[in-house]
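Residue-level structure breakdown
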Number of protein chains: 2
Amino acid sequence: MAETEKVEIMNFDQEGYLEDGKALVETGKQMAAMADKIADEGYDAIFLMGVGGTWDELMQLEYLMNKFGDKDLEVYLIHAAEWNVSGHKRMTEKSVVLTASESGTTPEVLEAVKKMKEMGIRVIAMTSPEGPIGQAVGAEGCVKMASDHGSGGCEKGYYLADCFGLRLLYRRGCFPKYDLFIEQTKDIWKDLLDIRKKFEPKAEELAKKYALAPYTMFVGSGALWGETILFAMCILEEMQWKRTRYITSADFFHGTLELVEKDVPVFLFKGEDECRKLDERVEAFLTNFADRTKDEDIVVIDTAEYAIPGLDDDFRVIVSPWILTILVTDRLARYYETVTKHNLKYRRYYHQFDY
Amino acid sequence: MAETEKVEIMNFDQEGYLEDGKALVETGKQMAAMADKIADEGYDAIFLMGVGGTWDELMQLEYLMNKFGDKDLEVYLIHAAEWNVSGHKRMTEKSVVLTASESGTTPEVLEAVKKMKEMGIRVIAMTSPEGPIGQAVGAEGCVKMASDHGSGGCEKGYYLADCFGLRLLYRRGCFPKYDLFIEQTKDIWKDLLDIRKKFEPKAEELAKKYALAPYTMFVGSGALWGETILFAMCILEEMQWKRTRYITSADFFHGTLELVEKDVPVFLFKGEDECRKLDERVEAFLTNFADRTKDEDIVVIDTAEYAIPGLDDDFRVIVSPWILTILVTDRLARYYETVTKHNLKYRRYYHQFDY
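Residues numbered from 1 in each chain as written. Chains lettered and ligands numbered in written order. Predicted model: local features only at pLDDT ≥ 70, side-chain atom pairs only at ≥ 80, totals over all residues. Heavy atoms only, no water.

- Under the annotation held in an unreviewed UniProt entry, chain A carries the name SIS domain-containing protein and is attributed to Enorma shizhengliae.

Here it is in structure tokens:
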């Protein structure tokens, strides 16, 4: 391990990342304390609310809460723009909403939060208490990262959201190993650096091969599906202006497979939950039957190949999206940028003017 | 009206369609009778199950049942492949499943139905009682179209599914105008022919302009979102091997908008429900701000422009996907075929071999 630690990670502040990780564990305790307060007060349903990338990010928690939760736990992933026009028939003043906004200004979320607060609904937001959304939520409902060196994928957001959701599960008796999970992940940041180092040459190779492809497919499922959308839409579409097609392993066979042909790269994100069986069906199809140069354009990224020493097997499903996000949304994106020469911060439209 | 009736609809059997429509109203009564039986027996939750196109088709009913349903009505849209590996924590022996399979052989649905029947769950299937799925369901649960001349989009399936779902709503006191709706739609088939005739020149024009585009966007929302996916994935991807990007009006602004540029056609399917406001935001962006030749590649298909004489305004949301499917999945697809010279029945992989 001492050896790999010397390896450089391109455009990445390793020291800052470890510092962030340490601070994040403290912030996670705040999230858990908020969950405890809500468990004490009672609630009828949990709503996970986002737009675009935050919606995608919260999807893994929806998945986990449904996977581990009891039959009576109600969890709904809602899109703020849709909620603003449609509402939700299961939302009452006893409901709880978890949302997030890095900028603190996302207009759809701001509009929703204001209405929710008027309805007397408890809102927890991963956002700065100083921003417009933070002000609408009120400081008591805001959780902000104490330290953020800006390096990384979405794993920090996943960690915080999971601390909240898994703690709620724990309080219902559905995730009795909460404390063990927190204990086993407290130094995971170092492992996530090691995974980056291991993947670094692969990221470079994949970017050189595929970053200029005119159209690329991304297939995912289960706990990884949200991150699959996030990478394809919020990174490659928004930040690289690449044409992508994301599709679940389940639905891949119902239309999209016909687009598989020579020179169409297909990335399969293999997960570690019950949907892995569906991923394997896609993998078998791609490697055995597809009308294309074998292996040439098939990329399987399997989170199971990336160890987290000391982590119990039954926690792997929780960290699988953390692993995927550091591989693709962090590392692969950085290398795509070097090949496409398209700065990840360029936008044609977004935040360029009001619309 | 007498005049328009003489207009030809390309590759379309008008007489057969009206005959199918007449028979379909009878089949709809069977669906309503099944709903009545289930309402009499009681149920804890309704599951709408499909894969690919059938999943997309059932989405409009999920939308309607949530829109009109009371707070305690539980409706879940599930994908058969995912259910086969994950199950659903709210499904019990008191649950009811509505599914569909035109071929009667869809492997994921067959596997699921067998397991569900073993669990003692009531399954209603829009399929032939002779096929493998029909046999697994049992004849008493099967509903098959009495007459099918094969012309049309998905409106026949929408009609039958809606007879079932809206009748269940009626029995809960949530859709008191069920009988009026059935009465007002019993001759809708003639109106749907007239809409086709009106759209025919537009379909030809759109196909000539856009059928050869390498990449096309489709934006939809609300009651039209399922049909949006269905047309982009099951028609254009599967049957025309076209690269498409479908995105909700809500999420369009969170990544995909950056792909809007000159020579990328964007189809906006404007609906007639509360999400229309989100469609209008997309329309305003596309016409006012996008960095492209104005109007050149923006196609707005607005179901509100197609009248159904004698239909109450509050029923428009129900028929809006029926209208869209005849415009695009039926008419536009036929004209795409004439331009691409790609037969809608060709497949590279699907049903070509086992995988």
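**With respect to the pattern of salt bridges**
Residues and elements named next belong to chain B.
- Scanning the entire structure with this criterion turns up 66 salt bridges over all chains.
- In this structure, the salt-bridge partner of Glu74 is Arg90, at a minimum N-O distance of 2.6 Å. You can see Glu74 sitting in the loop between α2 (52-68) and β2 (75-79) and its partner Arg90 sitting in the loop between α3 (80-86) and β3 (96-100), a full 16 residues away along the chain.
- Glu74 gets classed as buried once you look at its relative accessible area, which sits at 18%. (Salt bridge = Lys/Arg side-chain N within 4 Å of Asp/Glu carboxyl O. Helix = DSSP H or I, 4+ residues; strand = E, 2+ residues; numbered from the N terminus. Buried < 20%, exposed > 50% of the residue type's maximum accessible area, 1.4 Å probe, protein only.)

**Considerations on the interface of chain A and chain B**
- Taken together, the contacts link 60 residues of chain A with 60 residues of chain B.
- With both chains or domains summed, chain A and chain B bury close to 5600 Å², and 53% of this area falls on carbon and sulfur atoms.
- There are eight salt bridges connecting chain A and chain B.
- Where chain A packs against chain B, one counts 26 residue pairs in polar contact (both at pLDDT 80 or more).
- Secondary structure elements with two or more residues in the side of chain A that touches chain B: α2 (52-68), α3 (80-86), α9 (225-240), β7 (243-248) and α10 (276-288) of chain A.
- Classifying every residue of the side of chain A that touches chain B gives 26 nonpolar, twelve polar and 22 charged. (Contact = heavy atoms within 4.5 Å. Buried area = accessible area lost by both parts, 1.4 Å probe. Polar contact = N/O pair within 3.5 Å; in protein donor to acceptor, adjacent residues only side chain to side chain. Nonpolar A, V, L, I, M, F, W, Y, C, P; charged D, E, K, R; others polar.)

**Quick notes on unusual backbone geometry**
- A positive phi is found at Lys341 of chain A, a non-glycine position, where the angle reads about 60°.
- Take Lys341 of chain A: it is sitting in the segment after α11 (316-340).
- A relative accessible area of 68% means that Lys341 of chain A is categorised as exposed.
- The backbone of Trp241 of chain B shows a phi angle near 55°, a positive value even though the residue is not glycine.
- Mapped onto the secondary structure, Trp241 of chain B falls in the loop between α9 (225-240) and β7 (244-248).
- By relative accessible area, Trp241 of chain B is classed as partly exposed at 26%.

**Regarding the environment of Val137 of chain A**
All names here are of chain A.
- Structurally, Val137 is set in helix α5 (residues 132-137).
- On the basis of relative accessibility, which here comes to 1%, the residue Val137 falls in the buried class.
- Residues Val137 and Leu110, spaced 27 residues apart in sequence, show a C-alpha to C-alpha distance of 9.0 Å.
- Setting aside anything within four residues of it in sequence, one finds Val137 in contact with Val113, Lys117, Val123, Ala125 and Cys142.

**As for the packing of aromatic side chains**
All names here are of chain A.
- Applying the stated rule across the entire model yields 46 aromatic pairs over all chains.
- An angle of 70° between the planes, with centres 5.1 Å apart, marks the rings of Phe181 and Phe315 as edge-to-face. In this pair, Phe181 sits in helix α7 (residues 178-185) while Phe315 sits in the loop between β9 (298-302) and α11, placing the two residues 134 residues apart along the sequence. Each member of the pair Phe181 and Phe315 is classed as buried. (Phe/Tyr/Trp six-rings, centres within 6.5 Å; stacked < 30°, edge-to-face > 60°.)

**Comments concerning the packing of helix α6 (residues 155-171) of chain B against helix α7 (residues 178-185) of chain B**
Residues and elements named next belong to chain B.
- Between α6 and α7, whose axes approach to 10 Å, the crossing angle comes to 155°. With respect to each other, α6 and α7 are oriented roughly antiparallel. Residues Tyr159, Cys163, Leu166, Arg167 and Tyr170 of α6 touch α7, and the partners they reach there are Tyr178, Asp179, Phe181, Ile182 and Thr185.
- The residue makeup of the contact of α6 with α7, split by class, is seven nonpolar, one polar and two charged. (Axes fitted to C-alpha atoms, helices over the stretch in contact; angles between N-to-C directions. Parallel < 35°, antiparallel > 145°, perpendicular 65-115°, else oblique.)

**Details of the domain arrangement of chain A**
Residue and element names in this part refer to chain A.
- Domains assigned within chain A are domain 1 (4-185) and domain 2 (188-340).
- Using only C-alpha atoms to locate each centre, domain 1 and domain 2 end up separated by 24 Å.
- Here domain 1 packs against domain 2, burying approximately 3300 Å² in sum over the two surfaces, 68% of which is carbon and sulfur.
- Among the residues of domain 1 in contact with domain 2, Met10, Tyr63 and Gln184 are the three that bury the most area, contributing 18% of the side total.
- With a shortest N-O distance of 2.9 Å, Asp314 and Lys177 are connected by a salt bridge. (Domains from an automatic or database assignment.)

**With respect to the pairing of strand β3 (residues 96-100) of chain A**
Residues and elements named next belong to chain A.
- Buried residues dominate β3, accounting for five of its five residues.
- With burial as the criterion, each face of β3 is covered, one bearing Val96, Leu98 and Ala100 and the other bearing Val97 and Thr99.
- Across four bridges, strand β1 (residues 46-50) lies against β3 in parallel orientation. Within the sheet, the bridge partner assigned to Phe47 lies in β3 and is Val97.
- Both β3 and strand β4 (residues 122-126) contribute to a ladder of five bridges, which runs parallel. Looking at β4, one finds that Thr99 is bridged to Ala125.
- In this view, the connection linking β3 to its parallel neighbour β4 by way of helix α4 (residues 107-118) has right-handed handedness. (Pairing = 2+ DSSP bridges. Right-handed = clockwise from strand over helix to strand, strands pointing away.)

**Observations regarding the relation of the copies chain A and chain B**
- Aligned on chain B, chain A shows an RMSD of 0.0 Å; the corresponding rotation is 180° and the shift along the axis is 0.0 Å. Classification of the inter-copy transformation places it as that of a two-fold axis. Measuring from the rotation axis to each C-alpha of chain A, the shortest distance belongs to Arg245 of chain A, at 3.5 Å.
- Comparing contact sets, 100% of the residues at the interface of chain A also lie at the interface in chain B, consistent with an isologous, same-surface contact. (Least-squares fit on C-alpha atoms with pLDDT ≥ 70 in both.)

**Topic: the environment of Arg316 of chain B**
Residues and elements named next belong to chain B.
- Topologically, Arg316 is positioned in helix α11 (residues 316-340).
- Along the sequence, Arg316 and Gly271 sit 45 residues apart, while their C-alpha atoms lie 9.5 Å from each other.
- In this structure Arg316 touches Glu272, Thr303, Ala304, Tyr306, Ala307, Ile308, Leu311 and Ile323, once residues within four positions along its chain are discounted.

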